[in-house]
Amino acid sequence: MISKLVEEIKKKDAPVVVGLDPQLKFIPGYILDKKYEEFGDTLEAVAEAFYEFNVGIMDAVADLVPAVKPQVAMYEQYGIPGLIAFKKTVDYAHKKGLVVIGDIKRGDIGSTSESYAIGHIGSVSVGSSDKKVIFPFEEDIVTVNPYLGSDGVKPFIDVCNKEDKGIFVLVKTSNPSSGEFQDQKIDGRPLYELVADKVNEWGLTSMDGDYSNVGAVVGATYPEMGAELRRLMPKAYILVPGYGAQGGSGKDLKGFFNSDGLGAIVNSSRGIIAAYQNEKYASFGEKAFADASRAAVEDMLKDIRENI
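Everything numeric in this text was worked out from a predicted model, so none of it was measured.

Undergrad: Even after reading the chapter, I still don't get the overall build of the protein chain, so can you show me in this structure?
TA: Regarding its fold elements, the protein chain presents 12 helices and 13 strands. The C-alpha radius of gyration of the protein chain comes to 19 Å, within 12% of the 19 Å expected for a compact globule of 308 residues. When the backbone C-alpha atoms are referred to their principal axes, the protein chain occupies close to 60 × 60 × 40 Å. For the protein chain, the residues scored as buried account for 55% of the 308 residues in total.

The structure is reproduced here in structure tokens:
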């Protein structure tokens, strides 16, 4: 799967993924009003509003970017209707030719981890006689929390190898308190470096061309650490959150990439999907929210291309 993502990045010259993390405050009023009128004050109304919002953004940016990254929690909070909107978003992204990174941050042990992996990037067989194979959520790549160790990660790798899928393992996250655990020293080395070593080891069991289907998450807010982790994980593609709203910029990104401009893909969520609420793009107005998102993507691409 990573080879497909790399191919799309090269084709569009765009190491960028758009985070589809809808919140009510991001949804234009006219979309919400329409859905409340149609569905009432219900979870279904919010879910349908999220889906229409996502479709508008994907239609506007699909020719510019290789991938989208829906964050499942934004949908789960609205129950079953929210999960239906999540699944519809995944399916529509595939229709637009986009790689889907499911931001699920799952990680457990044994059959539980295996079930998470099967549900999001794997398949199930159903039926009493002639079994039918169904892909439940059908993302291409998912994020994985390694806190439970190899027991929690290897079931995902097994599904990756079976289905040609991928994972991004949390190594050094972009949030301010990440250092409470991730920076703690063990035999003189920070914990995130030990996780990186394991990512490198796991990755060798799932190679797909020059890179592994086992990638890493490293925040743009820690550029010095990013450069060192790039060295420690030479075969791992790096998903880089923290660009834009969280403070990361193009000048922070060079160390995450290899000399050929590959090796990393940078995420921006609210900076793109809520661009029409930003003063810089306010002239678009809420009716043209998707056009504002496209302009934000173009500016992001310019910034990254000039700095890596």
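Undergrad: Looking at this structure, I do not really get the packing of helix 2 (residues 29-39) against helix 3 (residues 43-61). What am I missing?
TA: For any two helices packed against each other, the geometry comes down to the angle between their axes and how far apart the axes lie. It is the contact of helix 2 with helix 3, at a shortest axis distance of 8 Å, that shows an interaxial angle of 140°. The pairing of helix 2 with helix 3 is recorded here as oblique in orientation. Of the two possible hands of crossing, helix 2 and helix 3 adopt the one that is right-handed. Within the contact between the two elements, helix 2 uses I31, L32, K34, K35, Y36 and F39 and helix 3 uses E44, A45, V46, E48, A49, E52 and F53. Here the contact of helix 2 with helix 3 is composed, by residue class, of eight nonpolar, no polar and five charged.

Undergrad: Any chance you could explain the packing of aromatic side chains here in plain terms?
TA: The geometry of two aromatic rings is summed up by the distance between their centres and the angle between their planes. Within the structure shown, the criterion is met by eight aromatic pairs. With a centroid separation of 6.2 Å and 85° between ring planes, the pair formed by F50 and Y75 is classed as edge-to-face. Linking F50 in helix 3 with Y75 in helix 4 (residues 72-76), this pair joins segments that are 25 residues apart in sequence. Both residues of the pair, F50 and Y75, count as buried.

Undergrad: Whenever I open this one, the nonpolar core confuses me. Can you help?
TA: Soluble, globular proteins show a tendency: their nonpolar side chains are buried together. Core analysis: the biggest nonpolar cluster contains 85 residues, and V18, I167, V171, V199, M233 and L253 have the highest contact counts within it. At 11 residues, the largest contribution of residues to this core is made by helix 3. Residues contacting V199, with those up to four places away along its chain left out, are V169, V171, V214, G215, A216, M233 and A236. In this structure, V99, I101, Y211 and V217 belong to the second largest nonpolar core, which totals 18 residues.

Undergrad: Please explain helix 12 (residues 289-307) as it appears in this structure.
TA: Residues spaced three or four apart along an α-helix point in a common direction, a consequence of the helix completing one turn every 3.6 residues. Taking 1.5 Å as the rise per residue, helix 12 with 19 residues should run 27 Å; its terminal C-alpha atoms sit 27 Å apart, in good agreement. Along helix 12, the residues that are buried comprise F289, A290, A292, S293, A295, A296, V297, M300, L301 and I304. Looking at the packing, one finds that the buried side of helix 12 touches strand 1 (16-20), helix 2, helix 3, strand 13 (264-268) and helix 11 (270-273).

Undergrad: What exactly am I supposed to notice about the environment of G219 here?
TA: Mapping G219 onto the fold places it in the loop between strand 11 (211-218) and helix 10 (223-232). Exposure remark for G219: the relative accessible area of 0% places this residue in the buried category. C-alpha separation for the pair G219 and I57, spaced 162 residues apart in sequence, amounts to 24 Å. Discounting chain neighbours no more than four positions away, the residues touching G219 are K172, T173, S174, V240, P241 and F256.

Undergrad: What exactly am I supposed to notice about a negative patch on the surface here?
TA: On the surface, D33, E37, E38 and E286 cluster together into a patch of negative charge. Take E38: it is sitting in helix 2.

Undergrad: What's the story with the pattern of salt bridges in this structure? I'm lost.
TA: Inspection of the entire model under this criterion finds 22 salt bridges. Residue R189 pairs with E193 through a salt bridge whose shortest N-O separation is 3.1 Å. Accessibility expressed as a relative area gives 27% for R189, which makes it partly exposed. A salt bridge links E201 to K198; the nearest nitrogen and oxygen atoms lie 3.1 Å apart. With a gap of three residues between them, E201 and K198 both fall in helix 9 (residues 191-203), about one helical turn apart. Classification of E201 as partly exposed rests on a relative accessible area of 44%. Via salt bridges that share partners, K34, K35 and E52 belong to a single interconnected network.

Undergrad: What is the right way to read a nonpolar patch on the surface from this model?
TA: A surface patch of nonpolar side chains, amounting to about 350 Å² of accessible area, comprises I109, Y147 and L148. You can see L148 is positioned in the loop between strand 6 (141-144) and helix 7 (150-163). Judged by relative accessible area, which is 40%, L148 ranks as partly exposed.

Undergrad: Looking at this structure, I do not really get the packing of helix 3 against helix 5 (residues 79-95). What am I missing?
TA: Close contact between helix 3 and helix 5 brings their axes to 8 Å; oriented N to C, the two are set at 15°. For the element pair helix 3 / helix 5, the angle class is roughly parallel. The two elements helix 3 and helix 5 cross, and the hand of that crossing is right-handed. Contacts between helix 3 and helix 5 involve L43, E44, A47, E48, Y51, N54, V55, M58 and D59 on the former and, on the latter, P81, G82, A85, K88, T89, Y92 and A93. For the contact of helix 3 with helix 5, the residue count by class is nine nonpolar, three polar and four charged.

Here is what the cut-offs are and how they apply
Residues numbered from 1 in each chain as written. Predicted model: local features only at pLDDT ≥ 70, side-chain atom pairs only at ≥ 80, totals over all residues. Heavy atoms only, no water. Helix = DSSP H or I, 4+ residues; strand = E, 2+ residues; numbered from the N terminus. Rg over C-alpha atoms; globule rule 2.2 N^0.38 Å. Buried < 20%, exposed > 50% of the residue type's maximum accessible area, 1.4 Å probe, protein only. Axes fitted to C-alpha atoms, helices over the stretch in contact; angles between N-to-C directions. Parallel < 35°, antiparallel > 145°, perpendicular 65-115°, else oblique. Left-handed = near helix turned anticlockwise from the far one by under 90°. Contact = heavy atoms within 4.5 Å. Nonpolar A, V, L, I, M, F, W, Y, C, P; charged D, E, K, R; others polar. Phe/Tyr/Trp six-rings, centres within 6.5 Å; stacked < 30°, edge-to-face > 60°. Core = buried A, V, L, I, M, F, W, Y, C linked by side-chain atoms within 4.5 Å. Expected span 1.5 Å × (residues − 1). Patch = residues over 30% accessible without salt bridge, like charges linked within 9 Å, V, L, I, M, F, W, Y side chains within 5 Å. Areas by Shrake-Rupley, 256 points an atom, 1.4 Å probe, with all protein chains shown as cover. Salt bridge = Lys/Arg side-chain N within 4 Å of Asp/Glu carboxyl O. Lys, Arg positive; Asp, Glu negative; His and termini not counted. Charge placed at Lys NZ, Arg CZ, Asp CG, Glu CD.

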